[in-house]
Amino acid sequence: MIYDAHFHTEDASLLHYMQANNIKGIVNAASPQEFQRLSTWLKPNDTIKISAGIHPWYAQRSSWEQMLPIMEQASIIGEIGLDNVWCDVDFSIQAELFERSLAYAAQSRKPVILHLKGLEKEALPLLKKYKNHYFVHWYSCDSYLEEYIALDCYFSIGPSVYKDQAVQQVVKQVPLPRLLSESDGLSALSWCEQSSVSLRQYSSIMQRTVSCIEAITGQSHMEACLNQNLKHFIAFSEV
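The text that follows walks through the structure, step by step, so that each part is easy to find. (Residues numbered from 1 in each chain as written. Predicted model: local features only at pLDDT ≥ 70, side-chain atom pairs only at ≥ 80, totals over all residues. Heavy atoms only, no water.)

### Quick look at the pairing of strand 2 (residues 25-29)
Along any regular strand the residues' side chains alternate between the sheet's two faces. Counted only if it meets this: Each residue gets one of three labels from its accessible area relative to the maximum for its type: buried under 20%, exposed over 50%, partly exposed in between, using a 1.4 Å probe on protein chains only. A run of H or I in DSSP becomes a helix once it reaches four residues, and a run of E becomes a strand once it reaches two; helices and strands are each numbered from the N terminus. Two strands qualify as a pair provided that DSSP identifies no fewer than 2 bridges between them. Note on handedness: a crossover is taken as right-handed if, strands pointing away from the viewer, the path from the first strand over the helix to the second is clockwise.
Summarising burial for strand 2: five of the five residues are buried, a large majority. Residues Gly25, Val27 and Ala29 of strand 2 are buried on one face, and the alternating residues Ile26 and Asn28, pointing to the opposite face, are buried as well. When strand 1 (residues 4-7) meets strand 2, the two strands line up parallel, connected through two bridges. Paired with Phe7 across the two strands is Val27, which belongs to strand 2. The β-α-β motif built from strand 1, the intervening helix 1 (residues 13-20) and the parallel element strand 2 has right-handed crossover chirality.

### Digging into unusual backbone geometry
Here the residue pair Gly78 and Glu79 is connected by a cis peptide bond, since its omega of 0° sits within 30 degrees of zero. Locating Glu79 in the fold gives a position in strand 4 (residues 76-83). With phi around 55°, Asn22 is a residue other than glycine that occupies positive phi space. Its identity as a non-glycine residue notwithstanding, His221 has a phi of 60°, on the positive side.

### Thoughts on helix 1
This is how it is decided: Throughout, the arc means the angular range of directions from the helix axis out to the C-beta atoms. By definition in these notes, contact holds between two residues if any of their heavy atoms fall within 4.5 Å.
Within helix 1, burial applies to Leu14, Leu15 and Met18. Looking straight down helix 1, one finds its buried side chains confined to an arc of 100°; they lie on one side. Elements that come into contact with the buried residues of helix 1 comprise strand 1, strand 2, helix 2 (32-42), strand 3 (48-52), helix 8 (186-193) and helix 9 (199-217). Once helix 1 finishes, Asn22 follows within two positions and takes phi at roughly 55°, a positive value.

### Some thoughts on the environment of Glu147
Looking at the element boundaries, Glu147 is found in helix 6 (residues 145-150). When the C-alpha positions of Glu147 and Glu120 are compared, they lie 10.0 Å apart, and in sequence the two are 27 residues distant.

### A few points about a nonpolar patch on the surface
Heads up, the condition is: Think of a patch as exposed residues, more than 30% relative accessible area, with no salt bridge, where like charges cluster within 9 Å and nonpolar side chains (Val, Leu, Ile, Met, Phe, Trp, Tyr) cluster within 5 Å. Here the open area of atoms and residues is found with the Shrake-Rupley method and a 1.4 Å probe, where only the protein chains shown may cover a residue. For salt bridges, the criterion is a side-chain nitrogen of Lys or Arg within 4 Å of an Asp or Glu carboxyl oxygen.
Together, Trp57, Val85, Trp86 and Trp191 line one region of the surface with nonpolar side chains, adding up to about 460 Å² of accessible area. You can see Trp191 is positioned in helix 8.

### Re the nonpolar core
To be explicit about the condition: The term nonpolar core refers to a set of buried residues drawn from Ala, Val, Leu, Ile, Met, Phe, Trp, Tyr and Cys, joined through side-chain atoms within 4.5 Å.
Judged by nonpolar contacts, the single largest core of 79 residues is most densely connected at Phe98, Leu102, Leu114, Tyr148 and Phe155. In contact with Phe98, not counting residues within four places along its chain, are Ile80, Gly81, Leu82, Leu114, Ala123, Leu126 and Leu127.

### Observations regarding the pattern of salt bridges
Taken as a whole and judged by the stated rule, the model has six salt bridges. Of the charged contacts in the structure, one is a salt bridge between Glu238 and Lys49, with a shortest N-O distance of 3.4 Å. A residue pair is termed long-range when its members are at least 10 positions apart, and Glu238 in the segment after helix 10 (222-235) and Lys49 in strand 3 qualify at 189 residues. Of the charged contacts, one joins Lys128 and Glu147 as a salt bridge, the two residues approaching to 3.6 Å between their closest N and O atoms.

### Examining the pairing of strand 7 (residues 154-157)
On strand 7, burial covers both faces: Tyr154 and Ser156 on one face and Phe155 and Ile157 on the other are all buried. Relative to strand 7, strand 6 (residues 134-137) is paired through three bridges, and the arrangement is parallel. Bridging across to strand 7, Val136 finds its partner in Phe155. Traced from strand 6 through helix 6 to strand 7, the parallel crossover comes out right-handed. The pairing of strand 7 with strand 8 (residues 179-181) spans three bridges and is classified as parallel. The residue of strand 8 that forms the bridge with Ser156 is Leu180.

In short, the description is geometric, and any link to function would need to be established separately.
Spelled out as structure tokens, the structure:
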């Protein structure tokens, strides 16, 4: 079974499914309440890690003081980033929290999951300033990919790869050891499929992503490669 490098969940059903099938992954918490729920659902499981951070969509209503305690508990920071496509939060607010989060992660030696949409260029100087292990989730920009590859970033391939040429280009250009696979959660799968996706469809969609990656790269046995890559990224949080 393919591992899930980045996902959100509003209830415990997906987590229970992953636990039952020994699927490793990283689930995101964007609030103290969400972090507490996930922590309760996951105990005593350790195959799924919790990442925590101030999502750019919520930068106007999430304070650093609220989020710092859960970022201190989390072993991975994120998803954090910049977005002017899917949200209208003032750039200065986003940028201030983004840089503060990057500085904290670098100082704490915690790897980072990035959300970048429309502001990929603006994020680059900050990522170069704060050296770290970065994982860009569902990168779908036609530009700047080479610069992110030069930073040795990991890239998760979202379920839109079968129809999204920008995501297909990521698969073509990113070195195989830096590729990951993600669902982004059942809600994101529903958005991608433009119809409601149930837990029963989760595995088949994840496998479709692997098949697309194999077709684009001409490589077989990509499931094992993607799973090993996620293990390597998670290992940075365990040092």
